[in-house]
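A closer look at the structure
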Amino acid sequence: MYYQDEYSCTFREEAELHQHLYEIDRRGWWKRMPSSDLEVISASGHEDMASEVDGENREALLLDTMKHTSLLLKAHGETYLLGATALPTLQRRARISGSALSVVGKPELAYILNECLAVAEGKALLRYSEGKIRAVHAGDQKDYSIIEMPDIFMAASAYIEEGFDRAVFSGGYADHAMTYATWTVEDKKLLTAYQELLAHYGRRTPQELSTDIRITTSDVAASGANISYSIKEGGLTIVLGKALKTIHRGNGGIEMVEANIRNIFEYYKSTIKGIERLFDIQLRYPENAMAGVMGSVKLGQKLIAETVEQFKAQNGYQPCNAYDAYCGICYALCLARKNGAKERAMLDMEEDIARCITARWSEYDIPGEIKY
């Protein structure tokens, strides 16, 4: 059992990913109950209240919980350990937020949560996994929709294997917040559309072009069931646009995920039009525009400085179009990976970079010294 809140693992083989998801799903459960019946307890001084976990060392589980949340959750007549991923969802279920919640003592936090949960309307949906409660979602019919991870990745595997001339599993990752898998595929339609776009603007078509599809999902509201597409030119990953998302809400289920997987080409064919728009935006001060656009999507100042300086070293101070500047921004992924960024941070960064496509580039195309 992978009970540690900081647990993570990677997969080189697709079968390993499916086996892992099957094991996690077999040991876990989902249950609904009235939100007002939940009770949060500070673990310190109440360690003996924690329910036993079959096959696991109780002291080790408690020690890991004390290291992270130091909280227990009483529900369905049992007292469960509260995992780190559950705390944000529990606060949302109690309808409270704010930075002060992270600094108050655990007994005070438990009291605040209980006071708010006591007047909360509707049901809570609990996700139990690997010895702890990992999420406390809103549990009414219109709220969180359960889409089982094994189903999502089996559907993705089946479609990708059948839908492309060639598909190779590139790797996967899992922790208690999210799971993702990436396939490198031979997508002739998308690559042809991209090559035609480059040719239309007089650009040389790179010899090393490939397409990556990544499926990302979460049981703890860290992500929807998201499908991302990117093109690789050698070592450079060009993010084609925002992920195609299935939100875990209401009647959204595996059928909607499957429909999105089937329609992925049509979706990303339309995003290429967003890339095409960048060719028509001429920049006199591309390094300033890059810094401004990256800052507008809240990328870190250190990463902005590294990315822009790398672009300047290659491009000098020559004018260019926004497509070239956007490719320069995409290089930030290489720099972040080199600097040891964690997997969740890399996924968040890709979403931020995708937002750069629709930024108002001309507003940042101004002379002057760049201030990082």
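Up top is the structure.
Residues numbered from 1 in each chain as written. Predicted model: local features only at pLDDT ≥ 70, side-chain atom pairs only at ≥ 80, totals over all residues. Heavy atoms only, no water.

**Here we look at the packing of aromatic side chains**
Going through the model one piece at a time under the given rule, you end up with 10 aromatic pairs. Taken together, a centroid distance of 5.9 Å and an interplanar angle of 25 degrees make the contact between Trp 30 and Tyr 144 stacked. With Trp 30 in strand β2 (residues 29–34) and Tyr 144 in the loop between β7 (132–138) and α5 (149–163), this pair connects stretches of sequence that are 114 residues apart. Tyr 144 matches Trp 30 in its accessibility class, with the two residues each being buried. Within the aromatic cluster, the residues linked to one another by ring pairs are Trp 29, Tyr 80 and Tyr 128. The aromatic ring of Trp 29 is capped on one face by Lys 31, whose charged end is 4.5 Å from the ring centroid. Just above the ring of Tyr 180 sits the side chain of Arg 214; from NZ or CZ to the centre is 5.9 Å. (Phe/Tyr/Trp six-rings, centres within 6.5 Å; stacked < 30°, edge-to-face > 60°. Helix = DSSP H or I, 4+ residues; strand = E, 2+ residues; numbered from the N terminus. Buried < 20%, exposed > 50% of the residue type's maximum accessible area, 1.4 Å probe, protein only. Lys NZ or Arg CZ within 6 Å of the ring centre and 35° of its normal.)

**A short note on the pairing of strand β11 (residues 225–233)**
Counting buried residues along β11, seven of its nine residues qualify, which places the element largely inside the surrounding structure. Looking at chain direction, strand β10 (residues 209–217) and β11 are connected through eight bridges and run antiparallel. Bridge pairing links Leu 209 to Glu 233 in β11. Where β11 and strand β13 (residues 244–246) come together, three bridges link them in antiparallel fashion. Among the inter-strand pairings, Asn 226 is bridged to a residue of β13, identified as Lys 245. As defined by bridge partners, β11 adjoins strand β12 (residues 236–239) across four bridges and the pair is classed as antiparallel. Residue pairing for β12: Ser 230 is matched across the bridge by Val 239. Between β11 and β12, which pair antiparallel in sequence order, lie two residues; one of them, Gly 234, sits at a positive phi of approximately 65 degrees. (Pairing = 2+ DSSP bridges.)

**Here's the deal with the nonpolar core**
Grouped together as the largest cluster of nonpolar side chains are 78 residues, with contacts concentrated most on Trp 183, Ile 213, Tyr 229, Tyr 323, Tyr 326, Ile 353 and Trp 361. Among all residues touching Ile 213, those that are not within four sequence positions of it are Ile 160, Phe 164, Ala 181, Thr 182, Trp 183, Val 185, Ile 227, Ser 228, Tyr 229 and Ile 264. Grouped together as the second largest cluster of nonpolar side chains are 34 residues, Leu 71, Ala 75, Leu 82 and Ala 86 included. (Core = buried A, V, L, I, M, F, W, Y, C linked by side-chain atoms within 4.5 Å. Contact = heavy atoms within 4.5 Å.)

**Points about the packing of helix α8 (residues 264–279) against helix α11 (residues 322–330)**
Viewed as axis vectors pointing N to C, α8 and α11 meet at an angle of 115 degrees, and their least axial separation amounts to 6 Å. Residues Ile 275, Leu 278 and Phe 279 of α8 form the contact with α11, whose own contacting residues are Ala 322, Tyr 323 and Tyr 326. Taken together, the residues of the contact of α8 with α11 break down into six nonpolar, no polar and no charged. (Axes fitted to C-alpha atoms, helices over the stretch in contact; angles between N-to-C directions. Nonpolar A, V, L, I, M, F, W, Y, C, P; charged D, E, K, R; others polar.)

**Quick look at the sheet that holds β2**
Sheet architecture is open: three strands sit in the order β2-β6-β7, paired in antiparallel fashion. A strand with exactly one partner marks an edge of an open sheet, and here the two such strands are β2 and β7. Taken pair by pair, the neighbouring strands of this sheet meet at an average axis angle of 25 degrees, ignoring direction. Bridging between strand β6 (residues 123–129) and β7 involves six bridges; their strand directions are antiparallel. Across the sheet, Leu 126 pairs through a bridge with Val 136, a residue of β7. The strands touched by helix α3 (residues 86–93) are β6 and β7; relative to β7, the strand with the most contacts, the crossing angle is about 30 degrees.

**Quick look at helix α1 (residues 14–27)**
Note: α-helices contain 3.6 residues per turn, so residues at a spacing of three or four share the same orientation. Here α1 is 14 residues long and its end C-alpha atoms lie 21 Å apart, about the 20 Å a rise of 1.5 Å per residue gives. Looking only at α1, the buried set comprises Leu 17, His 18, His 20, Leu 21 and Ile 24. Across the axial projection of α1, the buried residues extend over an arc of 160 degrees, all falling on one side. Among the exposed residues of α1, those pointing more than 90 degrees away from its buried face are Ala 15 and Arg 26. Of the surrounding secondary structure, the elements contacted by the buried residues of α1 are β1 (8–11), β6, α5, β8 (167–175) and β9 (179–185). (Expected span 1.5 Å × (residues − 1). Arc of directions from axis to C-beta.)

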